[in-house]
Amino acid sequence: MRPLNASRPAPLPWPADVDPAHAHQAISRLRDNVSSRVDADGLIRDECRSRVLESALALTLMTRTGTASPARDRVLAYLQARLDSPQEFDRVLATLAVATADVWAPARDTDLIEKLTDAVLGSAPEFISARRRKMLYAVLSVLGCPLPADVAPAPDEVAPNDPTHSWNVVQQAAVTLILASATKVDNPATDAALATLTATNPGTTVWEGYVLMHLLTLHALAGVPGQEATVRSGIRTVLQHQREDGGFPFIAEMHHWCTAPAAIGLAATGAPSQLLRTMADALVRHQGGAPLPSLSRGVPLTGGWSMSPGVALNDVDCTATALEFVHETDPVAYRGAVRRGVDALLALQGDDGGFPTYVAGARSEPCMTAAAVNALAPHADTLAARERALAYLAESQLADGGYEPGWSRSRLHAMFRARLAVGTASADDRRIAEVAQRMERSVCATQNSDGGWGMQPGDPSDAISTAYGLITLCCGNEARAIGRALSWLVENQNTDGGYSGPPDMVGPRPFPYHVPVLTDAPVLLAFGHVRSRFLGAAPLSQGVA
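Because the structure is a prediction, the values reported are computed rather than measured.

(A) The overall build of the chain, seen in detail. Counting its secondary structure elements, the chain contains 21 helices and two strands. Here the C-alpha radius of gyration of the chain, 23 Å, is about what a compact globule of 545 residues would show, namely 24 Å. Each principal axis of the C-alpha distribution contributes one length, and for the chain these read about 70 × 45 × 45 Å. Scored against the burial criterion, the 545 residues of the chain give a buried share of 60%. Sequence-distant contacts in the chain: of pairs separated by 6 or more residues, those separated by 24 or more amount to 72%. By element, 52% of the accessible surface of the chain is carried by carbon and sulfur atoms, the whole surface being about 20600 Å². Separation of charge centres in the chain, based on 45 positive and 56 negative side chains, amounts to 2 Å.

This is the structure we're talking about:
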């Protein structure tokens, strides 16, 4: 994510239509805003906001179990306030959950449900569509909707054994039990699913802070005789994560994922070195993730970073981003942690040269591959691995210059990561140079008339997508397009120095979740890239913007 070496590409003159004083002021204000959110121990603990999906599941679970409490009243009020949401998916889920709060009866509009399911799946990577469809039907089933006939599990269905990460293992188990209970099917897969869910201790623990999976687990167990006490206890357990607005979040915490990208942006915009070292120290202390047993199938990433101290599941994105920052901060002092991170990434590389998100042998993904290349770039002994990864990125590029959806709703997220990755290739690699040029042409062609970009071509400009587009263009020489994008960001800054707009990160894919600092961090990073490309910008990690 960090800016490319300033000597390649060469610095550009400052954009003629951007007031440098205003731009530097905007950078300073955002940098100060993000710096103020770093706790004394070096982590950013921003809160994942409530989401309709989890809130609807929580209310419906309370309704199923006859739970009457002020907490139930609060989540009901949260959902009632979203009955007119502009997001159709949220509107339908809120309507179904509020309806079942009074009368436990199935909804009738199967055409709407099918349309809604297809629309949601249209924004997800193709390779997860089959399992995500099952999850959607499971969610709609517990909200009272009838299941299509072809969703019923087969009588001889067995537990899957493909390589996948522990969160997906739990999701598959919960969905299996929910669908089996709804269709009155009992098969070998249900026995395995029950064993998996009970291993998460749902009566007393929100496993790895994963609120969505906890709620799905409780709904699955609610259909199993003898699990009544566990479900009631599990409801009391999840209430500790109810937000002030009455809703429930996707995940309890993601302190590493808030900290590492913001730290790279702070470094790129000249934050004090002591602050950066404090943040690096915090990340190094928590390397490896929480010491919890793994439920993954296959060999998971180990020795890297998870999304938060309480989460065991390491992933390529958190590992690559934390590794970039820790190495940049002090490669000598942190050499042990850096070596562990490098080795963790290399162990996950697939035969095709790409990297999956979590587990060796799982499907490679372009965005994760780009993240790994960017983190491995400073390490000469990884050259062969990086060349294989760059070849994978070249093969994976779509005709429009982009890549398949990754962990973002914004088309430009995977593109900016990939553009930085190919910028680490040899200058005489013509194939990779053409990959870079296709990305830059595509980004220029989709820039809105106001200078920004939206999540998808034609969407209204938003801060996150504009930051991604600006970073991509900072790797090239389109000074006018860069100036227009920079102007958009300067003009749309909030009075507190931060930024607002629709969230782009998704989990599980394709459902967006909102953590405020994850809107500010990409913009801060984009400002850092601007500083590294233009004549007169202050050196990285020194002075003020």
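Having seen it, we continue.
(B) Highlighting unusual backbone geometry. Looking along the chain, the bond that leaves Gly507 and enters Pro508 is cis, with omega of -20°. With respect to the helices and strands, the residue Pro508 is situated in the loop between helix 20 (479–491) and helix 21 (517–533). Pro510 follows Arg509 through a cis peptide bond whose omega is 10°. Mapped onto the secondary structure, Pro510 falls in the loop between helix 20 and helix 21. Non-glycine residue Asn201 carries a positive phi angle of around 50°.

(C) Here's a closer look at helix 9 (residues 211–222). Helix length check: helix 9 (twelve residues) gives 16 Å between terminal C-alpha atoms against 16 Å at 1.5 Å per residue, within 8%. In terms of residue burial, helix 9 counts as a mostly covered element, since eleven of its twelve residues are buried. Within helix 9, the full set of buried residues consists of Val211, Leu212, Met213, His214, Leu215, Leu216, Thr217, Leu218, His219, Ala220 and Leu221.

(D) Region of the structure containing the pattern of salt bridges. Applying the stated criterion across every chain yields a total of 18 salt bridges. Here Arg45 ties to Asp41 by a salt bridge, and the two come within 2.7 Å at their closest N and O atoms. Between Asp162 and Arg297 there is a salt bridge; the shortest N-O distance is 2.8 Å. One end of the pair, Asp162, is in the loop between helix 6 (129–142) and helix 7 (166–183); the other, Arg297, is in the loop between helix 12 (273–285) and helix 13 (316–329), and 135 residues separate them in sequence. The exposure class assigned to Asp162 is partly exposed, which follows from its relative accessible area of 34%. A network of salt bridges, in which partner residues are shared, links Arg37, Asp46 and Asp520.

(E) How the structure looks around the confidence of the model for the chain. Chain-level statistics for the chain give a pLDDT mean of 93 and a share of 95% at 70 or above. Predicted confidence is poor over residues 537–545, with pLDDT under 50, and the contacts of this stretch with residues over four places away or in other chains come to 24 contacts.

(F) Looking closely at the packing of aromatic side chains. Under the criterion given, the structure shown has seven aromatic pairs. Aromatic side chains Trp167 and Tyr210 sit 4.4 Å apart centroid to centroid with 50° between the ring planes, which places their arrangement in the tilted category. One end of the pair, Trp167, is in helix 7; the other, Tyr210, is in the loop between helix 8 (188–198) and helix 9, and 43 residues separate them in sequence. Here the two residues Trp167 and Tyr210 agree in accessibility, since each one is buried. Connected via pairs of aromatic rings, a cluster forms that spans Trp167, Tyr210, Phe250 and Tyr513. One cation-aromatic arrangement involves Arg509 over Trp407; the distance from NZ or CZ to the ring centre is 3.8 Å.

(G) Main features of the environment of Val18. Along the chain, the position of Val18 falls in the segment before helix 1 (20–35). Owing to a relative accessible area of 7%, Val18 belongs among the buried residues under this scheme. Separated by 446 residues in sequence, Val18 and Ile464 have C-alpha atoms that sit 20 Å apart. Beyond its immediate sequence surroundings of up to four residues, Val18 is in contact with Ala23, Gly483, Leu486 and Ser487.

(H) Region of interest: the environment of Ala425. You can see Ala425 is positioned in the loop between helix 17 (411–422) and helix 18 (430–445). Judged by its relative accessible area of 9%, Ala425 falls in the buried class. In the structure, Ala425 is positioned 48 residues away from Ala377 in sequence and 8.9 Å away in space, judged by C-alpha atoms.

(I) Seen up close, the environment of Thr424. Inspection of the secondary structure puts Thr424 in the loop between helix 17 and helix 18. Note on Thr424: relative accessible area 27%, which makes it partly exposed. Within the local environment of Thr424, its side chain forms a polar contact with the backbone oxygen of Ala421, the two atoms lying 2.6 Å apart.

(J) Layout of the side chain of Asn374. Positionally, Asn374 belongs in helix 15 (residues 366–376). Dropping the residues within four chain positions of it, Asn374 is found in contact with Met1, Arg2, Glu324, Arg417, Leu420, Ala421 and Thr424.

(K) Region of interest: helix 2 (residues 52–64). Here helix 2 contains 13 residues, and its C-alpha end-to-end distance of 18 Å stays within 8% of the 18 Å for a straight helix at 1.5 Å per residue. Burial of helix 2 is extensive: twelve of the 13 residues sit out of reach of the surface. Here helix 2 has its buried residues at Val52, Leu53, Glu54, Ser55, Ala56, Leu57, Ala58, Leu59, Thr60, Leu61, Met62 and Thr63. Following helix 2 by one or two positions, Gly66 adopts a phi angle in the positive range, close to 70°.

Thresholds applied
Residues numbered from 1 in each chain as written. Predicted model: local features only at pLDDT ≥ 70, side-chain atom pairs only at ≥ 80, totals over all residues. Heavy atoms only, no water. Helix = DSSP H or I, 4+ residues; strand = E, 2+ residues; numbered from the N terminus. Rg over C-alpha atoms; globule rule 2.2 N^0.38 Å. Buried < 20%, exposed > 50% of the residue type's maximum accessible area, 1.4 Å probe, protein only. Contact = heavy atoms within 4.5 Å. Areas by Shrake-Rupley, 256 points an atom, 1.4 Å probe, with all protein chains shown as cover. Lys, Arg positive; Asp, Glu negative; His and termini not counted. Charge placed at Lys NZ, Arg CZ, Asp CG, Glu CD. Expected span 1.5 Å × (residues − 1). Salt bridge = Lys/Arg side-chain N within 4 Å of Asp/Glu carboxyl O. pLDDT = per-residue confidence, 0-100. Phe/Tyr/Trp six-rings, centres within 6.5 Å; stacked < 30°, edge-to-face > 60°. Lys NZ or Arg CZ within 6 Å of the ring centre and 35° of its normal. Polar contact = N/O pair within 3.5 Å; in protein donor to acceptor, adjacent residues only side chain to side chain.

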